[in-house]
Amino acid sequence: MSESLGSATGNPRNKVALKVGHSLMDWIRLGNSGVDLTGTGGKLLKVTREELAKHRKEDDAWIAIRGNVYNITRYLDFHPGGVAELMKGAGIDGTELFNNVHPWVNFESLLSKCLVGRLVGGNDFLTPTAVFSPVETTQSPTNEQPKSPDAQSTSSAAPALPPPLSKVDWYQQTSFVTLVLYLQSPNIERIHLNCKCDKELWVFINGHWIGWRLSCDIKWPPLVTLPNNLKVEIKMSKDGPLWSDLPVLKSNAKPPPPKFAQVVVKAVQSVNYNVHLVELNYVEKVLEYVPLGWHQTFKANIKGNIVERQYTPIMRTSLTSDTTSADIILMVKAYPDGVFSSWITSGKANDALSASLPVGSFALSSLAETQHLVLVAAGTGITPMLRLLHWSLQPSKKVTVKLLFFNKMEKDIIWKQQFSLLMSTNSRFTVEHVLSDADVGWKGKRGWVTLQILQDILPDFSTSVPLPYFVCVCGPISFTQLTERYLQDMGYTALQYFCFR
Ligand code: HEM
């Protein structure tokens, strides 16, 4: 089976030349221009299939994909596959057509300004194990599946989903299968994955287990992402033929996963003279999803003493330019007298080391209305900011991001070049460095965090009406406390800033 899926009609590559002024950038610009692309005034509707079928003309075209209905009239001329291909999905549930050609396309982001509402009535889309594969699946799913002792296959009858989930879908290409879990509410407490039993993937989500029988082994770890706060995607890379089924397994009173899992140091890379990236792998096939801004406790037995430290894992981003498959990446500053930091960065940390389940209180929802995000970091306090930066600079977001980065000397600045490069290529990002012990040649700001430095970059709300700003602070305790006090002096309330401690 070829991996290139081509057009819905089987044409292998079918991209069309777009008209002038119809590039992706032009589409994003149009979406941001304030024009109503929904045609409904932006009011979210419940759309029946009968209503959907009325919108199948080029000057009035709606499409349903994975349960959402979009007005694609204005997108037609921007569609890289051409108007005719996209019109095949107009007026109908185009999920299968869409998945047949390009299941990886982020339609939710591309069409976010065109959302008309939800498709209601009919349950073919809502089947929890609906197969969105590039092959025609008119034949019934493969019959007998072996069962593990604590699990029952529910491929024929729709299984009852555990309470955190409202729906489960999956789609595939030859090289990967993606599971999509839809949450009932946007609160993520814990997502733990394991593949301890051969060809079974188990997910523990907000206190409940759900499992799937896999058609073949997958490459570990899978990639877990949250495209929005009601959706979890688990992308599993694999070899071999397409899967005809992905039956849900239901657990009978499986105990929750332990709070700590054993990990080993896989590699240590230098970032600068005393900061290192430490790559860790779980010993077993387990994975904890760490929500943005949350941390894990790492516990080691060092020379007979149990030592615990907390770190916020970073992710592979354009800044790390890293292709590692590590389960966890930590940025660790090695202090000469730091028992844990010098041990874990030594490259000789082979003793028992374990990682806790993630803990934290930062919620992305606090940024819902934010248009200007200001990150105030000192030293390795940059770690929670990296994912925030990555998240807020996604093309679908409009947020501007300013990083105010405090260090002692120029040689202490982590990823200085990468931040400069990011600033020159992304107009929404700016960085300003402040050094407390700069050389004479340093042309930037000097000193430690002061009210004046913050007032230079942040509006003072004690004297003006609050604007959609949000400030995140992370650094040594004294730095964070001082910054928080200045922010409060400037009229910032707990709804307008967050301190990572
Ligand atoms: C449901 C009916 C649809 C059909 C039959 C269809 C068909 C196609 C075809 C034939 C291509 C060219 C494939 C190639 O790269 O060779 C294409 C590309 C593309 N389509 Fe669609 N499409 C559909 C819906 C959509 C929707 C709803 C969106 C998103 C909003 C979309 C976004 C794209 C994008 C971004 C590409 C370029 C993909 C790439 O370069 O990898 N399509 N489409």
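Whatever comes next refers back to the structure up there.
Residues numbered from 1 in each chain as written. Predicted model: local features only at pLDDT ≥ 70, side-chain atom pairs only at ≥ 80, totals over all residues. Heavy atoms only, no water.

Chemist: So, the overall build of the protein: which residues are in play, and what are the values?
Modeler: Looking only at helices and strands, the protein has ten helices and 28 strands in total. A separation of at least 24 residues holds for 69% of the contacts in the protein among residues at least 6 apart in sequence. On the protein, roughly 23800 Å² of surface is accessible, and the fraction owed to carbon and sulfur atoms is 54%. (Helix = DSSP H or I, 4+ residues; strand = E, 2+ residues; numbered from the N terminus. Contact = heavy atoms within 4.5 Å. Areas by Shrake-Rupley, 256 points an atom, 1.4 Å probe, with all protein chains shown as cover.)

Chemist: Outline the pairing of strand β28 (residues 497–500), listing residues and values.
Modeler: Regular strands show a simple pattern: their side chains alternate between the two faces of the sheet. Alternating positions in β28 separate into two faces, Y497 and C499 on one and F498 and F500 on the other, with burial throughout. Examined bridge by bridge, strand β27 (residues 469–474) and β28 share four bridges and lie parallel to one another. Residue V473 lies in a different strand from β28, and its bridge partner there is C499. Following the backbone out of β27, through helix α10 (residues 477–489) and into the adjacent parallel β28, one traces a crossover that is right-handed. (Buried < 20%, exposed > 50% of the residue type's maximum accessible area, 1.4 Å probe, protein only. Pairing = 2+ DSSP bridges. Right-handed = clockwise from strand over helix to strand, strands pointing away.)

Chemist: Let's hear about the sheet that holds strand β21 (residues 328–333): which residues, and what values?
Modeler: The six strands lie next to each other as β20-β19-β22-β16-β17-β21, forming an open sheet whose pairing is antiparallel. Edge positions in the sheet fall to β20 (305–311) and β21, since each of these pairs with one other strand and no more. Here the strands of the sheet are splayed against their neighbours by 35° on average, with no regard to which way each runs. One ladder, built from seven bridges, connects strand β19 (residues 296–302) with β20; its direction is antiparallel. Its bridge partner lying in β20, A300 is registered against V307. (Axes fitted to C-alpha atoms, helices over the stretch in contact; angles between N-to-C directions.)

Chemist: How would you summarise the sheet that holds β28 if you had to cite specific residues and measurements?
Modeler: In spatial order, the strands read β26-β25-β24-β23-β27-β28; together these six strands make up an open sheet with parallel pairing. Looking at the sheet topology across the chains shown, the edges are occupied by β26 (445–446) and β28. Here strand β23 (residues 372–378) pairs with β27 via six bridges, running parallel. Across the sheet, residue H372 finds its bridge partner in β27, namely Y469. In this fold helix α7 (residues 383–392) packs onto β23, β24 (400–407), β25 (429–435), β27 and β28, with an angle of close to 160° to the strand it touches most, β23. Lying on the sheet, α10 is in contact with β23, β24, β27 and β28; it crosses β27 at an angle near 160°.

Chemist: Residues and numbers for the pattern of salt bridges, please.
Modeler: Following the criterion strictly, the structure yields 17 salt bridges and no others. Here E51 ties to K54 by a salt bridge, and the two come within 3.3 Å at their closest N and O atoms. Residue classification places E51 among the partly exposed positions, given a relative accessible area of 28%. With its nearest N and O atoms 3.1 Å apart, the salt bridge here joins E432 to K402. Here E432 is found in strand β25, whereas its partner K402 is found in strand β24, with 30 residues between them in sequence. The exposure class assigned to E432 is buried, which follows from its relative accessible area of 19%. One connected set of salt bridges, linked through shared partners, spans K402, E432, K445 and D456. (Salt bridge = Lys/Arg side-chain N within 4 Å of Asp/Glu carboxyl O.)

Chemist: Go over the side chain of S341 with me, naming the residues and quoting the values.
Modeler: Along the chain, S341 falls in helix α6 (residues 339–344). Apart from the residues within four sequence positions on either side, S341 is in contact with Y311, V332, K333, A334 and Y335.

Chemist: Could you give an account of the layout of surface pockets, with specific residues and numbers?
Modeler: Volume-wise, the second largest pocket comes out at about 1100 Å³. For the second largest pocket, the lining is made up of 41 residues, of which Q310, T380, G381, G475 and P476 are closest to its centre. Listed by contribution, the elements that provide at least two residues to the lining of the second largest pocket are β20, β21, α6, α7, β24, α10 and β28. Partitioned by chemical class, the residues of the lining of the second largest pocket number 18 nonpolar, 18 polar and five charged. (1 Å grid on protein atoms, 1.4 Å probe; cavity = no way out; pocket = protein on both sides within 12 Å on 5 of 7 lines; lining within 4 Å. Points joined across faces, edges and corners; volume = space filled by probe spheres on them. Nonpolar A, V, L, I, M, F, W, Y, C, P; charged D, E, K, R; others polar.)

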